[in-house]
Amino acid sequence: MLAAMASTVWADVYLKDELIDFNRDAAAGGKGTLYGQFAFRRDAAKRDEAIKEIGWMTLQSGASIGFHRHEHNEDTYIIVSGIGLFTDSDGKSYQVKAGDVTIARKGQSHALANIGKEPLVFIDVIAEQ
């Protein structure tokens, strides 16, 4: 019985060497280039899947993602390395570093800037109900 159940269970696997490069200059009105490597992008997500986009992102020193609003989805940043300045909907700023997690919920705004000398690397997960 267990063997039969195991054959019906599956998961998605996205190998680093197969991620999709997608870079954006002046993302959301920010500075510099936002470098991205995505497992998949929003246009490839299925309607019934909550995660619409996920990727490894990098902002070089001095680069930023401008302050922007999420009308229909939520955006999570999981900081992997570097030092950033995250700004929330109320305009309050927080210094973020490896291990920190930020979430902009549906209807909220946010921004992120690399304030350190090293690249700011983070995982970006966009989800929608």
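Above this note sits the structure.
Not measured: the values here are computed from a predicted model. (Residues numbered from 1 in each chain as written. Predicted model: local features only at pLDDT ≥ 70, side-chain atom pairs only at ≥ 80, totals over all residues. Heavy atoms only, no water.)

Novice: Hey, could you go over the pattern of salt bridges for me, with residue numbers and the actual values?
Specialist: Throughout the structure, instances matching the rule amount to five salt bridges. For arginine 42, the salt bridge identified is with glutamate 53, shortest N-O distance 3.4 Å. Taken together, the positions of arginine 42 in the loop between β3 (33-40) and β4 (51-59) and glutamate 53 in strand β4 put the pair 11 residues apart, joining distant regions of the chain. Classification of glutamate 53 by relative accessible area gives buried; the value is 1%. Across the pair glutamate 71 and arginine 69 runs a salt bridge whose closest N-O atoms are separated by 2.7 Å. Residues joined in a network through salt bridges with shared partners are Arg41, Arg42 and Glu53. (Salt bridge = Lys/Arg side-chain N within 4 Å of Asp/Glu carboxyl O. Helix = DSSP H or I, 4+ residues; strand = E, 2+ residues; numbered from the N terminus. Buried < 20%, exposed > 50% of the residue type's maximum accessible area, 1.4 Å probe, protein only.)

Novice: Any details on the environment of leucine 120? Residues and values, ideally.
Specialist: Checked against the element boundaries, leucine 120 lands in strand β11 (residues 120-127). Apart from residues no more than four positions distant in its own chain, leucine 120 is found in contact with Met57, Thr58, Leu59, Ile79, Ser81, Gly82, Ile83, Gly84, Leu112, Ala113 and Asn114. (Contact = heavy atoms within 4.5 Å.)

Novice: Please give an account of a nonpolar patch on the surface that cites residues and values.
Specialist: Taken together, the side chains of Ile78, Val101 and Ile103 present a nonpolar region at the surface, about 230 Å² in accessible area. Its place among the elements puts isoleucine 103 in strand β9 (residues 101-104). For isoleucine 103, a relative accessible area of 37% gives the class partly exposed. (Patch = residues over 30% accessible without salt bridge, like charges linked within 9 Å, V, L, I, M, F, W, Y side chains within 5 Å. Areas by Shrake-Rupley, 256 points an atom, 1.4 Å probe, with all protein chains shown as cover.)

Novice: Break down the sheet that holds strand β7 (residues 83-87) for me, citing the residues and quoting the values.
Specialist: Judged by pairing direction, the sheet is antiparallel, and its four strands sit side by side in the order β5-β10-β7-β8 without closing on themselves. The sheet terminates laterally at β5 (64-69) and β8 (93-97), the two strands that pair on one side only. Sheet twist, expressed as the mean angle between neighbouring strand axes with direction ignored, is 20°. Where β5 and strand β10 (residues 109-114) come together, four bridges link them in antiparallel fashion. Looking across to β10, one finds that serine 64 is bridged to alanine 113. (Pairing = 2+ DSSP bridges. Axes fitted to C-alpha atoms, helices over the stretch in contact; angles between N-to-C directions.)

Novice: Got a sec to walk through the pairing of strand β6 (residues 74-81)? Specific residues and values, please.
Specialist: Inspection of the sheet shows β6 paired to β11 by seven bridges, in the antiparallel sense. Bridge pairing links threonine 76 to valine 125 in β11. Both β6 and β9 contribute to a ladder of four bridges, which runs antiparallel. Paired with tyrosine 77 across the strands is threonine 102, a residue of β9.

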